[in-house]
Protein chains: 2
Amino acid sequence: MKKLKKIILLGATGSIGKTTLELLRLQKDKFKLIGVSANTNVKKLKTIVDEFNVKYIAISDLIASKTNVFDTNLLVGEKGLNELASIKCDILVSGISGAAGLLPAITALKSGNDIAIANKEPLVIAGDFFTKETNINNTKILPVDSEHNSIFQCFDEKNRDKISNITLTASGGPFLNLNKKYFNKIKPSDAIKHPVWNMGKKISVDSATLINKALEIIEAGNLFNLKFNQIDVLIHPQSIIHGMVHYMDGSVLANLSYPNMISPLSLALSHPERLDLGLKKLDLSKIGELSFKKPDLEKFPGLKLGWEILQQPKPYSIIMNAANEIAVELFLKNAISFNQIVDLINDALQRFNFDIPRSLEDVIDIDKRTRILIKESYTGVKIV
Amino acid sequence: MKKLKKIILLGATGSIGKTTLELLRLQKDKFKLIGVSANTNVKKLKTIVDEFNVKYIAISDLIASKTNVFDTNLLVGEKGLNELASIKCDILVSGISGAAGLLPAITALKSGNDIAIANKEPLVIAGDFFTKETNINNTKILPVDSEHNSIFQCFDEKNRDKISNITLTASGGPFLNLNKKYFNKIKPSDAIKHPVWNMGKKISVDSATLINKALEIIEAGNLFNLKFNQIDVLIHPQSIIHGMVHYMDGSVLANLSYPNMISPLSLALSHPERLDLGLKKLDLSKIGELSFKKPDLEKFPGLKLGWEILQQPKPYSIIMNAANEIAVELFLKNAISFNQIVDLINDALQRFNFDIPRSLEDVIDIDKRTRILIKESYTGVKIV
């Protein structure tokens, strides 16, 4: 019998967690879930632990951890999460959203664990720390974000010097064909209707501003060690081609699939093997046409941030990410308009100035201070 | 200094020869042309030998070989061609069209040479002999045909059992949108106008009947060891996506490029490395739309032959290929109509019956006998 791959899943009760568990249910002869974490949802975590007979359990929230319904000692708080991440496994799935996923992901790499990373923030704000740790510990980062997963599949590291550029595709979001003059009237309820992907509110707004793609440019630059001018973005409303790698011999490799999260996740977990997921076969004749156009940077100025930030010293990606998170929050509360999201980020990038972060603690500190500074600028607005 | 890859080029004065020489001119620091062959065009061959300072020269045509304008002994006739193919090199480019390319290609493999193969006939009529020789001698066949080259780029041999199928694309030829009722009026001059590729007359007609794609189905089955039901054909008029490999995890890898011969040829010669050819970068936003539809098998019954032949014992692929060559010749001479091309092939497949070929000589014999039998059936028509 073949050895099962040991999996640790951080953020087991979230959306990446859900897809990961679906995959593990389908592939019981391939994987063994040995550790899980949740923030507060103890009840849901208990169901998961029981179903998969999980050995190591971490709960980040201190209060939630008091209600220990498990038959084992819990790993508790930020420290517990890092302890879990350092347990030897074959691959750790990092499904914790926001900056909270940063420390455990780095801890996993330091401990010699490969990681499948589903949220872009850690790679945006601390890309060089990830690169450093993978080099030191000879570990791998397997991107789960569909565009980066596609690039990963098409990127031949041995021919890196013959790769001219990569292309990330973007559906274009719900306002692709809306006249710019109506942008000021966009309501939160309009912005969270994504045409292709069914996602959370924050990422749906990012998708509507194309700032999601700006973050992906930075993520791709960090993950694949590419310069800003090696990363193109192409609007492709059908979201069938997710990413392309252009080689200098004129050949382009592309990855296609129906939009879904389980394919990229399965590739990240099973690499270099592939799995049989029994999904519906891609039929381009049923889709009929795939269309492509250049993004309109006048209409979506937030996209430009990706290329701009990738040329700037490191603190700017942290400022941009934090400012965007707060701006989206404010927009969702009707406190600022859709167009003001980018204005707020640009304002923060112009006004704030930090030293180059030398440690992860510095990164987290810059993140926190940016949020406080923006909060001070927008007094009267309640920021949670 | 890095070692130059030694190249032998069979059919140096033909169209594949021309593209190969273009590539070698661009990449003098990568390749050294050590051997060339031509059939009759001694003058053109002399220019090539002088330009590239080629050591080994073969001329197939006995009469042409009498005019030895070279400063060296010539390799002469079929025997000479095989001698050339057996000289140790890094890769032999087989650019000889038709069945004449079969023996030297197999000889090269037997001698431990990898081959880049540009014409599909040898692989169609003697696929299993190629497979056998590559297995025995641990040599490689690198397909230059753009569709198969694409599949080669996307085909992960290590995950062969997780490949559900491949897709070969077809431009659809000049009659894609012509009503079937006008097919009987198609003239040779209409059929040789190909919308995308600029090719010879024979292959242009094959492209118009879609029999070219039928041959490619058989070629792909033989090259990649696939069953008939693992090979799909998709009409894609823009000819940008050349081939796709579908994995069972829902992911599809595709190879894209502007239609050209130098990219696949360069990949075949430099594999596993890639070259910088300074070509125009693929820009899907300029193309705008890629469209796809299922092939119309009522309109193009010749395409069905691909799947049918792949399920039949070996002699049928030889009969089909030979019958098609003669049928196209007859069509180009206005001796039969466009629709009769397929009829003639089907008629030959029904009427002729041969034993399974046990040797290459058997293959060549079946090929010759098929041609004679068809000739006898169509007496009064001059077959060259």
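Residues numbered from 1 in each chain as written. Chains lettered and ligands numbered in written order. Predicted model: local features only at pLDDT ≥ 70, side-chain atom pairs only at ≥ 80, totals over all residues. Heavy atoms only, no water.

### A few points about the overall build of chain A
Okay, so step 1: Within chain A, the secondary structure is distributed over 16 helices and 12 strands.
Okay, so step 2: Taken over the C-alpha trace, chain A has a radius of gyration of 21 Å; the compact-globule value for 384 residues is 21 Å, and the two agree within 12%.
Okay, so step 3: Within chain A, the proportion of its 384 residues that are buried is 59%.
Okay, so step 4: About 16300 Å² of surface is accessible on chain A, with carbon and sulfur atoms providing 51% of the total.
Okay, so step 5: Here chain A contributes 49 positive and 41 negative side-chain charges, whose respective centroids are spaced 4 Å apart. (Helix = DSSP H or I, 4+ residues; strand = E, 2+ residues; numbered from the N terminus. Rg over C-alpha atoms; globule rule 2.2 N^0.38 Å. Buried < 20%, exposed > 50% of the residue type's maximum accessible area, 1.4 Å probe, protein only. Areas by Shrake-Rupley, 256 points an atom, 1.4 Å probe, with all protein chains shown as cover. Lys, Arg positive; Asp, Glu negative; His and termini not counted. Charge placed at Lys NZ, Arg CZ, Asp CG, Glu CD.)

### Topic: the domain arrangement of chain A
Where interface size is given, it is often the accessible area lost as the parts come together that is meant.
All names here are of chain A.
Okay, so step 1: According to the domain assignment, chain A consists of domain 1 (5–144), domain 2 (146–258 + 281–311) and domain 3 (312–384).
Okay, so step 2: Here domain 2 and domain 3 have C-alpha centroids that lie 23 Å from each other.
Okay, so step 3: Each partner contributes to the interface: domain 2 provides 27 residues, whereas domain 3 provides 21 residues.
Okay, so step 4: Summed over both partners, the interface of domain 2 with domain 3 comes to about 1900 Å²; 73% of that surface belongs to carbon and sulfur atoms.
Okay, so step 5: In terms of surface lost to domain 3, no three residues of domain 2 exceed Pro188, Leu305 and Ile309, which account for 29% of the buried area on that side.
Okay, so step 6: Here domain 2 and domain 3 share 4 residue pairs in polar contact (both at pLDDT 80 or more) between them.
Okay, so step 7: Elements that contribute at least two residues to the side of domain 2 that touches domain 3 include exactly helix 8 (188–191), helix 9 (201–209), helix 10 (211–224) and helix 13 (301–310).
Okay, so step 8: Partitioning the side of domain 2 that touches domain 3 into residue classes produces 16 nonpolar, 5 polar and 6 charged. (Domains from an automatic or database assignment. Contact = heavy atoms within 4.5 Å. Buried area = accessible area lost by both parts, 1.4 Å probe. Polar contact = N/O pair within 3.5 Å; in protein donor to acceptor, adjacent residues only side chain to side chain. Nonpolar A, V, L, I, M, F, W, Y, C, P; charged D, E, K, R; others polar.)

### Structural notes on the interface of chain A and chain B
Okay, so step 1: Listed as interface residues are 45 residues of chain A and, on the opposing side, 45 residues of chain B.
Okay, so step 2: Where chain A abuts chain B, roughly 3700 Å² becomes buried across the two surfaces, and 52% of that area is made up of carbon and sulfur atoms.
Okay, so step 3: Of all residues in chain A, Asp249, Arg274 and Phe292 of chain A give up the largest surface area on contact with chain B, accounting jointly for 19% of the area buried on that side.
Okay, so step 4: In this structure, Asp283 of chain B and Lys294 of chain A form a salt bridge, with 3.4 Å as the shortest nitrogen-oxygen distance.
Okay, so step 5: There are 30 residue pairs in polar contact (both at pLDDT 80 or more) connecting chain A and chain B.
Okay, so step 6: Counting residues per element, the side of chain A that touches chain B draws most heavily on strand 11 (residues 252–256) of chain A, which supplies 5 residues.
Okay, so step 7: The residue inventory of the side of chain A that touches chain B, partitioned by class, reads 18 nonpolar, 15 polar and 12 charged.
Okay, so step 8: Summarising the sheet, strand 12 (residues 289–291) of chain A and strand 12 (residues 289–291) of chain B pair through 3 bridges and their orientation is antiparallel. Counted as the bridge partner of Ser291 of chain A is Glu289 of chain B from strand 12 of chain B. (Salt bridge = Lys/Arg side-chain N within 4 Å of Asp/Glu carboxyl O. Pairing = 2+ DSSP bridges.)

### Considering the environment of Ile262 of chain B
Residues and elements named next belong to chain B.
Okay, so step 1: Tracing the sequence through the fold places Ile262 in helix 11 (residues 262–270).
Okay, so step 2: You can call Ile262 buried: its relative accessible area is 11%.
Okay, so step 3: The residues contacting Ile262, other than those within four sequence positions of it, are Thr19, Glu22, Leu23, Leu26, Leu277 and Leu279.

### Quick notes on the sheet that holds strand 8 (residues 163–170) of chain B
Okay, so step 1: The 8 strands are arranged 9(A)-8(A)-10(A)-11(A)-11(B)-10(B)-8(B)-9(B) in an open sheet whose pairing can be described as mixed. With one partner strand each, in any of the chains shown, strand 9 (231–235) of chain A together with strand 9 (231–235) of chain B form the two edges of the open sheet. Ignoring strand direction, the axes of neighbouring strands in this sheet form an average angle of 20°.
Okay, so step 2: Across 5 bridges, the pairing between strand 8 of chain B and strand 10 (residues 241–247) of chain B is antiparallel. Residue pairing in the sheet places Asn165 of chain B in a bridge with His246 of chain B of strand 10 of chain B. (Axes fitted to C-alpha atoms, helices over the stretch in contact; angles between N-to-C directions.)

### With respect to helix 16 (residues 360–377) of chain A
Residue and element names in this part refer to chain A.
Okay, so step 1: With 18 residues, helix 16 extends 26 Å from end C-alpha to end C-alpha; this agrees with the ideal 26 Å at 1.5 Å per step.
Okay, so step 2: All buried positions along helix 16 are accounted for by Leu360, Val363, Ile366, Asp367, Thr370 and Ile374. Each buried residue of helix 16 lies within a common arc of 120° when the element is viewed along its axis, so the set occupies one face. Residues of helix 16 that are exposed and point more than 90 degrees away from the buried face comprise Glu361 and Lys368.
Okay, so step 3: Looking at the buried side of helix 16, the elements it contacts are helix 5 (102–110), helix 6 (121–137), helix 14 (315–332) and helix 15 (338–351). (Expected span 1.5 Å × (residues − 1). Arc of directions from axis to C-beta.)

### A closer look at the pattern of salt bridges
All names here are of chain A.
Okay, so step 1: Under the defined criterion, the tally for this structure stands at 40 salt bridges over all chains.
Okay, so step 2: The salt bridge partner of Lys120 is Glu216, with a shortest N-O separation of 3.9 Å. Residue Lys120 is located in the loop between strand 6 (114–117) and helix 6, and its partner Glu216 is located in helix 10; the two are separated by 96 residues in the primary sequence.
Okay, so step 3: A residue is classified by how much of its surface remains accessible, and Glu216, at 1% relative accessible area, is buried.
Okay, so step 4: As a salt-bridge pair, Asp365 and Arg369 come within 3.1 Å of each other at their nearest N and O atoms. Linking Asp365 with Arg369, this pair stays in helix 16, spanning 4 residues, or about one helical turn.
Okay, so step 5: Here Arg369 falls in the partly exposed class, since its relative accessible area comes to 41%.

### Re the nonpolar core
Okay, so step 1: In this structure, Phe130 and Met320 of chain A together with Phe130 and Met320 of chain B are the most contacted members of the largest nonpolar core, which totals 171 residues.
Okay, so step 2: Looking at this core element by element, the count peaks at 10 residues for helix 14 (residues 315–332) of chain B.
Okay, so step 3: Excluding residues within four positions of it along the chain, Phe130 of chain A makes contact with Leu102, Ala105, Ile106, Leu109, Ile115, Ile117, Pro122, Leu123 and Ile141 of chain A. (Core = buried A, V, L, I, M, F, W, Y, C linked by side-chain atoms within 4.5 Å.)

### Some remarks on the environment of Pro315 of chain B
All names here are of chain B.
Okay, so step 1: Secondary-structure assignment places Pro315 in helix 14.
Okay, so step 2: We classify Pro315 as buried; its relative accessible area is 2%.
Okay, so step 3: Spatially, the C-alpha atoms of Pro315 and Val363 are 7.7 Å apart, while their sequence positions differ by 48 residues.
Okay, so step 4: Once residues within four sequence positions are removed from consideration, Pro315 is found in contact with Phe354, Asp355, Ile356, Pro357 and Ile366.

### Thoughts on the relation of the copies chain A and chain B
Okay, so step 1: With an RMSD of 0.0 Å, the operation that places chain A on chain B is a rotation of 180° combined with a shift of 0.0 Å along the axis. Taken together, these values place the two copies in the relation of a two-fold axis.
Okay, so step 2: With an isologous cut-off of 70% or more, the 100% of interface residues of chain A that recur at the interface of chain B puts this contact in the isologous class. (Least-squares fit on C-alpha atoms with pLDDT ≥ 70 in both.)

### Quick look at the state of the cysteines
Okay, so step 1: Taken as a whole and assessed by the stated rule, the structure comprises 0 disulfides over all chains.
Okay, so step 2: The structure places no disulfide on Cys154 of chain A, whose sulfur is separated from the nearest cysteine sulfur, that of Cys154 of chain B, by 7.6 Å.
Okay, so step 3: For Cys154 of chain B, a relative accessible area of 3% gives the class buried. (Disulfide = S-S within 2.5 Å.)

### Thoughts on the packing of helix 9 of chain A against helix 10 of chain A
Residues and elements named next belong to chain A.
Okay, so step 1: Packing of helix 9 against helix 10 leaves a shortest axis separation of 5 Å and a crossing angle of 90°. Regarding the angle of helix 9 to helix 10, the classification is roughly perpendicular. Counted together, Ile203, Asp206, Ser207 and Thr209 of helix 9 and Ile211, Asn212 and Leu215 of helix 10 form the full contact between these two elements.
Okay, so step 2: When its residues are assigned to classes, the contact of helix 9 with helix 10 shows 3 nonpolar, 3 polar and 1 charged. (Parallel < 35°, antiparallel > 145°, perpendicular 65-115°, else oblique.)

### Regarding the environment of Ile240 of chain B
Okay, so step 1: Note on placement: Ile240 of chain B falls in the loop between strand 9 and strand 10.
Okay, so step 2: The residues touching Ile240 of chain B, leaving out its near neighbours within four places in the chain, are Asn255, Leu256, Ser257, Tyr258, Pro259, Leu282, Leu284, Ile287 and Leu290 of chain B.

### What to know about helix 11 (residues 262–270) of chain A
Quick reminder: α-helices carry 3.6 residues per turn. Residues three or four places apart thus point the same way.
Okay, so step 1: Summarising burial for helix 11 of chain A: 9 of the 9 residues are buried, a large majority.
Okay, so step 2: The set of residues buried in helix 11 of chain A consists of Ile262, Ser263, Pro264, Leu265, Ser266, Leu267, Ala268, Leu269 and Ser270 of chain A.

### A word on the side chain of Asn260 of chain A
Residue and element names in this part refer to chain A.
Okay, so step 1: As for its position among the elements, Asn260 is in the loop between strand 11 and helix 11.
Okay, so step 2: We classify Asn260 as buried; its relative accessible area is 19%.
Okay, so step 3: Side-chain polar atoms of Asn260 contact the backbone nitrogen of Ile262, separated by 2.9 Å.
Okay, so step 4: A polar atom in the side chain of Asn260 sits 2.7 Å from the backbone nitrogen of Ser263.

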